[in-house]
Amino acid sequence: MRILGIDPGYAILGYGIVDYENNHYKAENYGAVTTDKDMEMSLRLKHLYEQVSNLIDLYKPDGAAVEELFFNKNAKTAILVAQARGAVITACVNKGIPVFEYTPLQIKQALVGYGRADKKQIQYMVKLILHLDEVPKPDDTADALAVAICHGNSGSAAPMFKV
């Protein structure tokens, strides 16, 4: 199974392409899509949509695992991140890719076994599980790979959006 993991953001969107077969994970590719802070939001969303669509065309994942929005005190930031999630989800659905959603708590439990794990613990487990030489940077990239691993560990999770 090939999984596209996404850590949504409008300035930095982390992604990871992970192959999962016979209880083994392999990172096919990972990185980040960035947008310039001076771009209009509509153009930022278009760029995110196009880049995720390109990743889907290139890697042909079987499904996409997207981190659920974690609402913080800054409502404006939360709304902008939600818009970025919408662009990502729309790209996946338009390409026929089922979308699965995971909370930060679910991701932490899937990787570390503890829902209050810190970022360093998650990053270490991503490096260990994927047999990487170093922790992927930026942090958004490691988070995207963690979401993909979480999905692989989830077994028969139902998609958030069916295509």
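Residues numbered from 1 in each chain as written. Predicted model: local features only at pLDDT ≥ 70, side-chain atom pairs only at ≥ 80, totals over all residues. Heavy atoms only, no water.

Chemist: Pulling in residues and values, what's your account of the packing of helix H1 (residues 41-59) against helix H2 (residues 75-94)?
Modeler: Contact pair H1 / H2: the axes reach a minimum separation of 9 Å and the direction vectors enclose 35 degrees. Crossing handedness for the pair H1 and H2: right-handed. Residues Met41, Leu45, Leu48, Tyr49, Val52, Ser53 and Ile56 of H1 form the contact with H2, whose participating residues are Leu80, Gln83, Ala84, Ala87, Val88, Thr90, Ala91, Cys92 and Asn94. (Axes fitted to C-alpha atoms, helices over the stretch in contact; angles between N-to-C directions. Helix = DSSP H or I, 4+ residues; strand = E, 2+ residues; numbered from the N terminus. Left-handed = near helix turned anticlockwise from the far one by under 90°. Contact = heavy atoms within 4.5 Å.)

Chemist: Can you tell me about the sheet that holds strand S4 (residues 63-67), naming the residues and giving the values?
Modeler: Taken together, the five strands give an open sheet; going across it, the order is S3-S2-S1-S4-S5, and neighbouring strands pair in mixed fashion. Two strands lie at the open edges of the sheet, namely strand S3 (24-34) and strand S5 (99-102), each paired on one side alone. Shown here is a sheet whose adjacent strand axes are inclined to one another by a mean of 20 degrees, direction ignored. Across four bridges, strand S1 (residues 2-7) lies against S4 in parallel orientation. Following the sheet pairing, Leu4 is matched in S4 by Ala64. (Pairing = 2+ DSSP bridges.)

Chemist: Describe in detail the pairing of S4, supporting the description with residues and values.
Modeler: Strand residues, when the strand is regular, have side chains that alternate between the two faces of the sheet. The buried count for S4 comes to five of five residues, which makes it a mostly enclosed element. Judged by which residues are buried, S4 turns out to be covered on both faces: Gly63, Ala65 and Glu67 on one side and Ala64 and Val66 on the other are all buried. The pairing of S4 with S5 spans four bridges and is classified as parallel. Across the sheet, Glu67 pairs through a bridge with Tyr102, a residue of S5. (Buried < 20%, exposed > 50% of the residue type's maximum accessible area, 1.4 Å probe, protein only.)

Chemist: With reference to specific residues and values, describe unusual backbone geometry.
Modeler: A cis geometry characterises the amide bond from Lys137 onward to Pro138, with omega recorded as -5 degrees. Mapped onto the fold, Pro138 is located in the loop between helix H4 (119-129) and helix H5 (139-153). Of note, the phi angle at Lys60 is positive, near 50 degrees, even though the residue is not glycine. With respect to the helices and strands, Lys60 occurs in the loop between H1 and S4.

Chemist: Residues and numbers for H4, please.
Modeler: Buried within H4 we find Ile122, Gln123, Val126 and Ile129. Angular distribution of buried residues about the axis of H4 spans 135 degrees; they occupy a single face of the element. Against S3, helix H3 (104-112) and H5 lie the buried residues of H4. In the stretch just after H4, His131 is the one whose phi turns positive, near 55 degrees. (Arc of directions from axis to C-beta.)

In short, the description is geometric, and any link to function would need to be established separately.
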